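What follows is the residue order along each chain.
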Amino acid sequence: MNPAVPVFAASARYRAAVAELPTGTRKAGSVRGSVVDIPGSGDWWTALLHAQAEGAVAAVVGNPQKVPAEAVATLLGRLSIPVAVERSLARPDDLAAALAARSGGPATLVTIECSAPAGDEGSALRDGLRWAATLAGGPLEATSVPIPAEGGMALLHAATSRGHLPVTVLTTRLSRMDALPVLRVAALGEVRSVVESGPTGAGVRLTTSSVGGSTLAAARYESPARLALRRAVDAATSGALLPDLADLLEDQRIVATLLQMHNQG
């Protein structure tokens, strides 16, 4: 059996995640030699570099809010440790399950609908774009003018092995500042996938439909924090790098184009 990986957890959520992984992790008293959790509410990109300099072997970023493109691009060039990014509405296990349920059936059109209060559009839309790129099978590019501040529609395309696949985006700015973001992504074709955000902490609801009927993906009981920590621990043990930061930067680049947020997160 492999020895437990030390985790330096500052937040209660990640301390709980360590307790839920008793055979693979243990609490650590310092950053050196540990997997470190970094809150996504502050300048997490700077904190990541500090953690690496102090000897961290991997890190988790919890639900990053601001994603400044230049800072993150520079960060990617300087990081040598694996980083898992917790994204509650775009979990890697949910993304993989959606693709598996499609059984290779290609999408012909992908749609994104995102409603959020002012200031929350970016993070919710980033997760929607990650779903769209995954279901479409290729990176996204914007092909129309930016969306007005109050909301509107934009056209993107995904560069796939079958050519350009259309992706539509519809955003709505909610007037209530305490309203929860609402996300709905649909991939159409012979197989239809519909992803809808659930209540707080419930992640997403995934429905797959084909000529054989409709299936609802099983509920996830593993918390987003536990999943992110487990992936970071696995990467620290295996030495594998994770695509999370590169995916986050790619999604933010599209968000910046759509919402004219070039210097914001």
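The coordinates are above.
Residues numbered from 1 in each chain as written. Predicted model: local features only at pLDDT ≥ 70, side-chain atom pairs only at ≥ 80, totals over all residues. Heavy atoms only, no water.

Q: Is there a simple way to think about the side chain of aspartate 244 in this case?
A: Considering the arrangement of structural elements, one finds aspartate 244 in helix α7 (residues 244-259). A residue is classified by how much of its surface remains accessible, and aspartate 244, at 8% relative accessible area, is buried. In this structure the side chain of aspartate 244 is engaged in a polar contact, spanning 2.7 Å, whose partner is the side chain of arginine 231. Those residues within four positions of aspartate 244 in sequence are excluded, and the remaining contacts are Val83, Ala84, Val85 and Arg231. (Helix = DSSP H or I, 4+ residues; strand = E, 2+ residues; numbered from the N terminus. Buried < 20%, exposed > 50% of the residue type's maximum accessible area, 1.4 Å probe, protein only. Polar contact = N/O pair within 3.5 Å; in protein donor to acceptor, adjacent residues only side chain to side chain. Contact = heavy atoms within 4.5 Å.)

Q: It is not clear to me how the packing of helix α3 (residues 69-78) against α7 should be interpreted in this structure. Could you clarify?
A: How two helices sit against one another is set out by the angle between their axes and by the gap between those axes. One can describe the packing of α3 onto α7 by two numbers: an axis separation of 10 Å at closest approach and a directional angle of 155°. Here α7 runs roughly antiparallel to α3, going by the angle between their axes. Read as a crossing pair, α3 and α7 show a hand that is left-handed. Contact with α3, carried on its side by Ala69, Val72, Ala73, Leu75 and Leu76, involves Leu245, Ala246 and Leu249 of α7 and no other residues of that element. For the contact of α3 with α7, a count of residues per class yields eight nonpolar, no polar and no charged. (Axes fitted to C-alpha atoms, helices over the stretch in contact; angles between N-to-C directions. Parallel < 35°, antiparallel > 145°, perpendicular 65-115°, else oblique. Left-handed = near helix turned anticlockwise from the far one by under 90°. Nonpolar A, V, L, I, M, F, W, Y, C, P; charged D, E, K, R; others polar.)

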